[in-house]
Amino acid sequence: MNPLFLEERKFPRILLAVGGGFFLIMGIILTLTNPNSTKYEKFATEELVRYAKENICPAKSSNLEEAIKSQVCNLIVDTGKNKIPQLIASNTKRNNYLLLSLYTTNLYIYQFETIAVFNNFYVINAQKLHE
């Protein structure tokens, strides 16, 4: 038997073993770092508060009425901050795929889709449902 032939057959097996080991380790890491619903609720609350303060609450002009509306809006957001996680929890569906999760949150006017992987969240879609 040709010794070169044996050497040629070992290389694909080693490559297959290394590649398989890599995918196994990555699968374990992904599974262990798939964030839970509580972490999502915290993330979504922070994002919703930030969005409201940056996009909804700022005064649109420098008159007194707009300034008051802006302050009231910020006060409402700050006061309701403790209730937002409950709102998110009751309006979110989690699809757990073991390696990652897909969260769909329907907040009346908007729907958000978020991927959770490696202990992080990535909003992949935000769409306005009603005008």
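Just above, that's the structure.
Since the structure is predicted, the reported quantities are computational estimates derived from the model, not experimental observations.

About the cut-offs
- Residues numbered from 1 in each chain as written.
- Predicted model: local features only at pLDDT ≥ 70, side-chain atom pairs only at ≥ 80, totals over all residues.
- Heavy atoms only, no water.
- Helix = DSSP H or I, 4+ residues; strand = E, 2+ residues; numbered from the N terminus.
- Expected span 1.5 Å × (residues − 1).
- Buried < 20%, exposed > 50% of the residue type's maximum accessible area, 1.4 Å probe, protein only.
- Contact = heavy atoms within 4.5 Å.
- Polar contact = N/O pair within 3.5 Å; in protein donor to acceptor, adjacent residues only side chain to side chain.
- Phe/Tyr/Trp six-rings, centres within 6.5 Å; stacked < 30°, edge-to-face > 60°.

Engineer: For this particular structure, what's the right way to read helix α2 (residues 37-56)?
Structural biologist: Every α-helical turn comprises 3.6 residues, leaving residues that sit three or four positions apart pointing alike. If you check α2, its first and last C-alpha atoms are 26 Å apart, about what 20 residues at 1.5 Å a residue would give, namely 28 Å. Restricting attention to buried positions, one finds in α2 the residues Tyr 40, Phe 43, Ala 44, Thr 45, Val 49 and Ala 52. Elements that come into contact with the buried residues of α2 comprise α3 (64-80), α4 (84-90), β1 (92-96), β2 (101-107), β3 (110-117) and β4 (120-128). If you check the start of α2, you find a side-chain oxygen 3.2 Å away from the backbone N of Thr 38, and it comes from Asn 36.

Engineer: Help me understand the packing of aromatic side chains, please; the structure alone is not making it clear to me.
Structural biologist: When we look at a pair of aromatic rings, we describe it by the centre distance and by the angle of the planes. Evaluated as defined, the whole model comprises 8 aromatic pairs. Taken together, a centroid distance of 4.9 Å and an interplanar angle of 20° make the contact between Phe 43 and Phe 121 stacked. Here the residue Phe 43 occupies a position in helix α2, and Phe 121 occupies one in strand β4, the gap between them amounting to 78 residues. Judged by its relative accessible area of 16%, Phe 43 is buried. Since its relative accessible area comes to 15%, Phe 121 is described here as buried. Seen from their ring centres, Tyr 110 and Phe 112 are 6.0 Å apart, and the 25° between their planes marks the pair as stacked. Under the relative-accessibility criterion, Phe 112 is labelled partly exposed at 24%. Taken together, Tyr 40, Phe 43, Tyr 103 and Phe 121 form an aromatic cluster joined through their ring pairs.

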